[in-house]
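# Structural description and commentary
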Amino acid sequence: MTEHAHERQDDRADGAADVSTGSAKEKAEAAVPAIPELVIISGMSGAGRSTAAKCLEDLGWFVVDNLPPALIPTMVELGARSQGNVARIAVVVDVRGRRFFDNLRDSLADLASKHVTRRIVFLESSDDALVRRFESVRRPHPLQGDGRIVDGIEAERDLLRELRGDADLVIDTSSLNVHELRAKMDAQFAGDEEPELRATVMSFGYKYGLPVDADLVVDCRFLPNPHWVPELRPFTGLNEEVSGYVFDQPGAKEFLNQYTELLQLIATGYRREGKRYVTIAVGCTGGKHRSVAMSEKLAARLATEGIETVLVHRDMGRE
């Protein structure tokens, strides 16, 4: 064999080796599984877990109902092996097993060790609303045993207290119908790109009770009440005259400016800790004038800061 032949053979061998190595590298990179996005749906029985799950299913999520918490990491692993066919998984869990929290705590720790991004959605509702719902369908509460419905609700609240505290998103369904709950879920999960932080700014009246799903509560009762101005009483905080009256009061503009700055600091911390949702409740006596006007301005400020904001006036119109 000539010297040139040896060189050509060496060139082919080197080239073949390069092609082989490159293909192996590409195959190895392609073989790395994509970890699915995970949402855990839990909360009080009768608060709307099934409706929330159905909404995510309609948005294209792969939903597993009543999965034992110990199997959640396995479900995520199976999704990772699906070659991108299962990119978003929602798991509905409840407290029918007494080992619920031990298993769930271990599963969440396992997910964290594998750097799985997970979010917890907690469905909340008042005792009165839950009792009415169970009575309307004539079904016992899963934890009431030989006791009353309220006994089962109390037992469930005790078991879920820790999970509720860890939830990324709490939705109070006490006064929501099915369509309103779906709208809330759509607002949080619809869309191709999820913003870093979503905020719900909710005006409310103290005389109707604190919103149970609030992360932060703002009290506007330090401002004079337009209710006592006869020409303003029939209107709401959406009216320009009412809003002008509120923000002409001493401290109103300063409060809005300084609280917005505080929220920017809090938002930075929420992003750093991986919290994606925050509900800011803004209250006054009746939820009609001051809280509505302040909520409108606050929501607009947050939007200019790049925070996607949903505005809700919970008690406006209840009088």
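Report on the accompanying structure. (Residues numbered from 1 in each chain as written. Predicted model: local features only at pLDDT ≥ 70, side-chain atom pairs only at ≥ 80, totals over all residues. Heavy atoms only, no water.)

### Let's talk about the sheet that holds strand β7 (residues 216-219)
Two strands in a sheet stick together by hydrogen bonds in their backbones, pointing the same way (parallel) or opposite ways (antiparallel). Quick reminder of the rule: When DSSP finds two or more bridges between two strands, those strands count as paired. By definition, any uninterrupted DSSP run of H or I lasting at least four residues is a helix, any uninterrupted run of E lasting at least two residues is a strand, and each is numbered from the N terminus. Convention adopted: a line fitted to C-alpha atoms gives each axis, helices being fitted over their contacting stretch, and angles between N-to-C directions are expressed from 0 to 180 degrees. For this analysis, residues touch if any pair of their heavy atoms sits within 4.5 Å.
Spatial ordering of the open sheet is given by β7-β8-β6-β9, a layout of 4 strands whose pairing is parallel. Only two strands of the sheet have a single partner each, and these edge strands are β7 and β9 (308-313). This sheet shows a mean twist of 20° between the axes of neighbouring strands, independent of strand direction. Bridging between β7 and strand β8 (residues 277-284) involves 4 bridges; their strand directions are parallel. For L216, the partnering residue across the bridge sits in β8 and is I280. Strands β6 (198-205), β8 and β9 of the sheet are contacted by helix α7 (residues 178-189), whose axis makes an angle of about 145° with β6. Where helix α10 (residues 290-304) meets the sheet, it contacts β6, β8 and β9, and its direction lies at approximately 170° from that of β6.

### Points about the environment of A300
Stated formally: Any residue under 20% of the maximum accessible area for its type is buried, any over 50% is exposed, and the rest in between are partly exposed; the area is computed with a 1.4 Å probe on protein chains only.
For A300, the location among the structural elements is in helix α10. On the basis of relative accessibility, which here comes to 43%, the residue A300 falls in the partly exposed class. As a C-alpha pair, A300 and L311 span 11 residues in sequence and 9.3 Å in three-dimensional space.

### Focus on the packing of aromatic side chains
Two measures describe an aromatic ring pair: the distance that separates the ring centres and the angle between the ring planes. Cut-off, in case you're wondering: Any two rings among Phe, Tyr and Trp, with Trp reduced to its six-membered ring, count as a pair given centres within 6.5 Å; such a pair is stacked if its planes are under 30 degrees apart, edge-to-face if over 60, and tilted if neither.
Within this structure, the stated rule accounts for 5 aromatic pairs. With centroids separated by 5.9 Å and ring planes inclined at 85°, the aromatic side chains of W61 and F189 adopt a geometry described as edge-to-face. Of this pair, W61 sits in the loop between α2 (49-58) and β2 (62-64) while F189 sits in helix α7, and the two are 128 residues apart along the sequence. Accessibility expressed as a relative area gives 4% for W61, which makes it buried. Taking the relative accessible area as the measure of exposure, F189 reaches 6% and is therefore buried. Pairwise contacts between aromatic rings join W61, F189 and Y277 into one cluster.

### Observations regarding the pairing of β8
Among the 8 residues of β8, 8 are classified as buried, and the element is accordingly described as predominantly covered. Of the two faces of β8, the one holding Y277, T279, A281 and G283 and the one holding V278, I280, V282 and C284 are both buried throughout.

### Things to note about helix α8 (residues 240-247)
Heads up, the rule is: Our arc is simply the arc of the directions from the helix axis toward the C-beta atoms. The definition of a polar contact used here is a pair of N or O atoms within 3.5 Å, where within protein one atom must be able to donate a hydrogen and the other to accept one, and adjacent residues in sequence count solely through side-chain atom pairs.
Those residues of α8 lying buried are V242, S243, V246 and F247. Mapping the buried residues of α8 onto a view down its axis gives an arc of 125°, with all of them on the same face. Turned more than 90 degrees away from the buried face of α8 sit E240 and E241, all of them exposed. Between a side-chain oxygen at the N-terminus of α8 and the backbone nitrogen of E241 the separation is 2.8 Å; the capping residue is N239.

### Describing the pattern of salt bridges
Quick reminder of the rule: The salt bridge criterion pairs a side-chain nitrogen of Lys or Arg with a carboxyl oxygen of Asp or Glu, the two atoms within 4 Å.
Evaluated as defined, the whole model comprises 18 salt bridges. When the shortest N-O distance is used, the salt bridge between R81 and E77 registers 2.5 Å. By relative accessible area, E77 is classed as partly exposed at 36%. Of the charged contacts, one joins R198 and E308 as a salt bridge, the two residues approaching to 3.4 Å between their closest N and O atoms.

### Quick look at helix α6 (residues 149-166)
Under the convention used in this document: To estimate how far a helix should reach, multiply one less than its number of residues by 1.5 Å. One axis fitted to the seven residues ending at a residue, another fitted to the seven starting there: the angle between these axes is the bend at that residue.
Its 18 residues place the ends of α6 26 Å apart at the C-alpha level, agreeing with the 26 Å of an ideal helix rising 1.5 Å per residue. At L160, α6 is deflected by roughly 50°, the largest bend along its length. Burial in α6 covers these residues: I149, G152, I153, A155, E156, L159, L160 and L163.

### Considerations on the sheet that holds β2
Spatial strand order, β2-β3-β1-β4-β5: 5 strands in an open sheet with parallel pairing. This sheet does not close on itself; its edge strands, each paired only once, are β2 and β5 (169-172). Neighbour-to-neighbour, the strand axes of this sheet turn through a mean angle of 20°, independent of strand direction. The pairing of strand β1 (residues 37-43) with strand β3 (residues 88-92) spans 5 bridges and is classified as parallel. Note on β3: the bridge partner recorded for I41 is V92. Against the sheet, helix α3 (residues 72-80) engages β1, β2 and β3, with an angle of about 160° to β3. Of the strands in this sheet, β1, β3, β4 (118-124) and β5 are in contact with α7, which crosses β5 at around 160°.

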